[in-house]
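A look at the structure
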Amino acid sequence: MRNIVLRANDGADHVISVAAASLCKTVASLLQDLEASKGEDTDPLIVPLPNVCNCTLQKVLGFCEQQRAFDELCTASPAAQQADLTRQIQAWQMEYMQVSTDELYHLVMAAHYLNVPRLLDLCTDAMAERIRGKSPAQVRECFGLKPSLSPEEEEEIRRSNLWALN
Amino acid sequence: MDESCSMEAYLSSWDQEGPLPLQHFPEDVLLNIANRVPSVDWARFSASCRRLQELQPSAVAVTSSPWIMSRDIPGHIVSLLRWTSRHLQAAKTLDITLYPSASGAFSGWLELCRELPDTLLITAFRGALVSDVMCYKRMHAHQRRMIDEHVAVREQYYPINEVEELGAWLAARMPILCTLSLFVSYCPQLPALPMLTHLELQALKFDRVNAALQHMPALRTLLLACKHMEALLPELDVLALPNLTHLSLHDVYPELLLIPPSCRLDLHGEAETIQQCVGNGWEWALRQLHTCTCAWTNTRKTGLRVSHSGGLPLILREQSSISHLSILGRGELDFRGVPGSRAFELGLVHFLTSLRLKTDWGASIFIPATMQLQSLELYAPALHLSAEEEAWPQGLTDLCIMTAELLYDTHSGSPGYACVQPWELEELPVEELRASLEAAGKVVSMHRPSKREGGVMRITIAGCRFDDDGSMHRYNGGKEACTCGICWTCLQQP
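What you are looking at is a predicted structure, and each value in this text was computed from that prediction instead of being measured.

A tally of regular secondary structure across chain A gives 9 helices and 3 strands. Of the regular secondary structure in chain A, the N- to C-terminal order runs β-β-α-α-β-α-α-α-α-α-α-α. Within chain A, buried positions represent 41% of all 166 residues. Residue pairs at least 24 apart in sequence account for 65% of intrachain contacts in chain A once pairs closer than 6 positions are excluded. For chain A, the exposed area adds up to about 8700 Å²; of that, 52% sits on carbon and sulfur atoms.

Laid out in structure tokens, this is it:
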């Protein structure tokens, strides 16, 4: 089987299995194009990913490999063990999402660019969890939002969001 | 901002110091996040940035606090309505719980809604538009139970509220609606909803329900509820709904009930009221009775009492088609049967596959050999479970026993130390049963450490229990994955 190499924007290469790569829909479609142009060549297929940095790519690939392993386990396990397996997956995902806001931000962008729906769902869940219960000022501080509103706009928003802000 | 711009901005932000700006997220990602947080959090979050202000989540879920009603904070209801009407336009699902306010908020809502387009492409409206009458009745329902001998069927006048108008007005603008839930004092005059498949009406009066159901040909499930209070109506005729497969009546008692032949009927109510109100007009419908929930509520006049199988409504004792039975008690439930008699009538147990018994007091139950249960759920602080020899059928797939340490409540109003008694295990080979069921891949949950397991007997405070992790469970039964519905853990779950 041909090797697949994903190249991060700084040139770092990561070898990945076909099954794990297929979880990234962007990579899967790039692979199809590359295979069509290179034919039956046995050289590894190199997929350049200029929008993803090395450490984020590593994290995404970790997710893909682990999910692939879980998928195989789910298929092989009897129905009675499915609940236990689901708990294992949830525990792993919770551990995986123990990242800083910056890392999470890069992860969201990478999951969106590489089109990994399951990772994107996980990341948006984590984002939603971080948003809950925060005031606008806390949100600005936590997510690095620069004030873009005029005082008049702020007053108008305050009035229309009175029910939520007080 | 289009996707390529957001990616460019994102890439250029790599060189910046400090936290990365969130507004570079693509719109679909932001909307994905917006649909995963409660609307109140999204409103706060979106107040921090202009771009976020412009986003319209597809799921709008807003709740006005009942405190607003009592405190009448100026401007809160109006701002809630303004925010909702603005974000309503792109919503696919709408989940609104609005409590009334003294300032005529619903009139204000109607005015704001007139700015909306004529057609809203909303598919699910789970509005709880609580009229002041319903709010008042709900708040006092529990206390009324403490005063009344039993919750009597009564004729009362309830004024028509703006809420009914609002519900009907909104429904008329949602032609592709497939789920509608309304919580109003009167059943409103609903428009034709050709795609509606699920209708849930919680009301006090159902006089117009037959007319309201006329133009809903796709309706498959119908729930009519008058929880805590009973509603009487002369007739409920749903024969004209050919696709109706499930009718559920919660404390709603038509004198004449006509349902299609393939429709399942579920009934939920006080045992005494079922006995009193279900009569000859139900003869055909009762043949399709699938599930029944019978409740016994103690009142100040009845005091604590023992409910037993003789108190089951006659229709249950004679009804042979029922397969699911729930028995809910506030007080002692004694379904052991006395020597020479049976705990359950033969007619009832013949098709019964699922039995659920829940009480906040002691429970005793005897399972006869003829009862071929597949599911048995028992939630009680104190339990005496026994079975006829060979009564534990091979077909039993789900066994859930939820007992707590046995308590002697001091009734003093303040927590006091309670005694702990061993669970009565002699009658039932619990461990053997559990081992054999688990070996067969069945679901078994038993949340009380038994003496045989060497479970630690905890010091228990009456009405509460502290777990090893420091978390407190009221009513004792609850633990993680608890499904009893009465403990603090369950009450905290959405």
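Another point: the interface of chain A and chain B. Accessible area lost during the coming together of the parts is what is often quoted as the interface size. Taken together, the contacts link 44 residues of chain A with 44 residues of chain B. Both sides of the chain A and chain B interface together cover about 4000 Å² of buried area, and 65% of this is carbon and sulfur. The tally of links from chain A across to chain B stands at 2 salt bridges. The closest approach of N and O atoms between Asp-125 of chain A and Arg-36 of chain B, which form a salt bridge, is 2.9 Å. The interface formed by chain A and chain B includes 7 residue pairs in polar contact (both at pLDDT 80 or more). Among the elements of the structure, helix 5 (101-114), helix 6 (117-131), helix 7 (136-143), helix 8 (151-160) and helix 9 (162-165) of chain A are those that each provide at least two residues to the side of chain A that touches chain B. Its residues assigned to classes, the side of chain A that touches chain B comprises 22 nonpolar, 12 polar and 10 charged.

With that settled, consider unusual backbone geometry. Note on backbone geometry: most residues besides glycine have negative phi, and most peptide bonds are trans. In the Ramachandran plot, Asn-115 of chain A falls in the positive-phi region, its phi being about 60° despite a non-glycine side chain. Judged by its relative accessible area of 35%, Asn-115 of chain A is partly exposed. Residues other than glycine seldom take positive phi values, yet Asp-251 of chain B does so here, at roughly 60°. Using a relative accessible area of 6% as the deciding quantity, one classes Asp-251 of chain B as buried.

With that settled, the discussion passes to the packing of aromatic side chains. Here the structure, examined in full by the defined rule, presents 6 aromatic pairs over all chains. Both rings, one in Tyr-105 of chain A and one in Phe-25 of chain B, keep their centres 4.9 Å apart while their planes meet at 25°; by these two values the pair is stacked. Here the residue Tyr-105 of chain A occupies a position in helix 5, and Phe-25 of chain B occupies one in the loop between helix 1 (3-12) and helix 2 (27-34), the pair thus bridging two chains. Here Tyr-105 of chain A matches Phe-25 of chain B in class, with each residue buried. Consider the rings of Trp-42 of chain B and Phe-45 of chain B, whose centres lie 5.3 Å apart with planes at 50°: the pair is tilted. Pair noted here: Trp-42 of chain B and Phe-45 of chain B are both in helix 3 (residues 39-46), with a separation of 3 residues, about one helical turn. Given a relative accessible area of 1%, Trp-42 of chain B falls into the buried group.

Residues and elements named next belong to chain B. Within the secondary structure, Leu-249 sits in strand 9 (residues 246-250). Each C-alpha atom of the pair Leu-249 and Leu-223 lies 6.0 Å from the other, and the pair is 26 residues apart in sequence. The residues contacting Leu-249, other than those within four sequence positions of it, are Leu-224, Leu-236, Pro-254, Leu-257, Leu-265, Asp-266, Leu-267, His-268 and Trp-282.

Residue and element names in this part refer to chain A. Direction vectors running N to C along helix 3 (residues 54-76) and helix 4 (residues 82-96) enclose 175°, while the axes themselves pass 11 Å from each other. Our classification of the angle between helix 3 and helix 4 gives roughly antiparallel. Residues Lys-59, Val-60, Gly-62, Phe-63, Gln-66, Gln-67, Phe-70, Leu-73 and Cys-74 of helix 3 form the contact with helix 4, whose participating residues are Gln-82, Leu-85, Gln-88, Ile-89, Trp-92, Gln-93 and Tyr-96. When its residues are assigned to classes, the contact of helix 3 with helix 4 shows 9 nonpolar, 6 polar and 1 charged.

A few words on the sheet that holds strand 1 (residues 4-7) of chain A. Residues and elements named next belong to chain A. The strand order 2-1-3 describes an open sheet built from 3 strands, whose pairing is mixed. At either margin of the open sheet sits one strand with a lone partner, and together these are strand 2 (13-16) and strand 3 (45-48). Neighbour to neighbour, the strand axes of the sheet diverge by 30° on average, direction disregarded. Strand direction decides the pairing type here: strand 1 and strand 2, joined by 4 bridges, are antiparallel. Paired with Val-5 across the strands is Val-15, a residue of strand 2.

This brings us to the side chain of Gln-67 of chain A. For Gln-67 of chain A, the location among the structural elements is in helix 3. In this view, Gln-67 of chain A contacts Leu-23, Trp-92, Gln-93 and Arg-118 of chain A; residues no more than four positions away in its chain are not counted.

Conventions used here
- Starting afresh in each chain, residues are numbered from 1 along the sequence in its written order.
- Here chains are named by letter from A upward and ligands by number from 1 upward, in the order in which they appear as written.
- Residue-level local features of this predicted model are given only where pLDDT is at least 70; pairs of side-chain atoms are given and counted only at 80 or more, and the full residue set underlies all totals for whole chains, interfaces and linings.
- With hydrogens and water set aside, each side-chain value is computed from the structure's full complement of heavy atoms.
- Numbering of helices and strands runs from the N terminus; a helix is a DSSP stretch of H or I covering at least four residues, while a strand is a stretch of E covering at least two.
- We call a residue buried when its accessible area falls under 20% of the maximum for its residue type, exposed when it is over 50%, and partly exposed in between, using a 1.4 Å probe and counting protein chains only.
- Any two residues having at least one pair of non-hydrogen atoms within 4.5 Å are treated as being in contact.
- Areas reported as accessible are Shrake-Rupley estimates using a 1.4 Å probe. Residue values count occlusion only from the protein chains shown.
- Two parts placed together each lose some accessible area; with a 1.4 Å probe, that loss summed over both constitutes the buried area.
- By convention in these notes, a salt bridge is any Lys or Arg side-chain nitrogen within 4 Å of a carboxyl oxygen on Asp or Glu.
- By the criterion applied in these results, polar contacts are pairs of N or O atoms within 3.5 Å in which, for protein atoms, one can donate a hydrogen and the other can accept it, and in which residues neighboring in sequence qualify only through two side-chain atoms.
- Just so you know the grouping, Ala, Val, Leu, Ile, Met, Phe, Trp, Tyr, Cys and Pro go in nonpolar, Asp, Glu, Lys and Arg go in charged, and all remaining residues, Gly too, go in polar.
- Centres within 6.5 Å are what make two rings of Phe, Tyr or Trp a pair, Trp counting through its six-membered ring; a difference in plane orientation under 30 degrees is then read as stacked, over 60 as edge-to-face, and the rest as tilted.
- Fitting a line to C-alpha atoms yields each axis, with helices limited to the stretch in contact; the angle taken between N-to-C directions then spans 0 to 180 degrees.
- Roughly parallel means an angle under 35 degrees; roughly antiparallel means over 145; roughly perpendicular covers 65 to 115; every other angle is labelled oblique.
- Whether two strands pair comes down to DSSP finding at least two bridges between them.

Worth remembering: the numbers are spatial, not functional.
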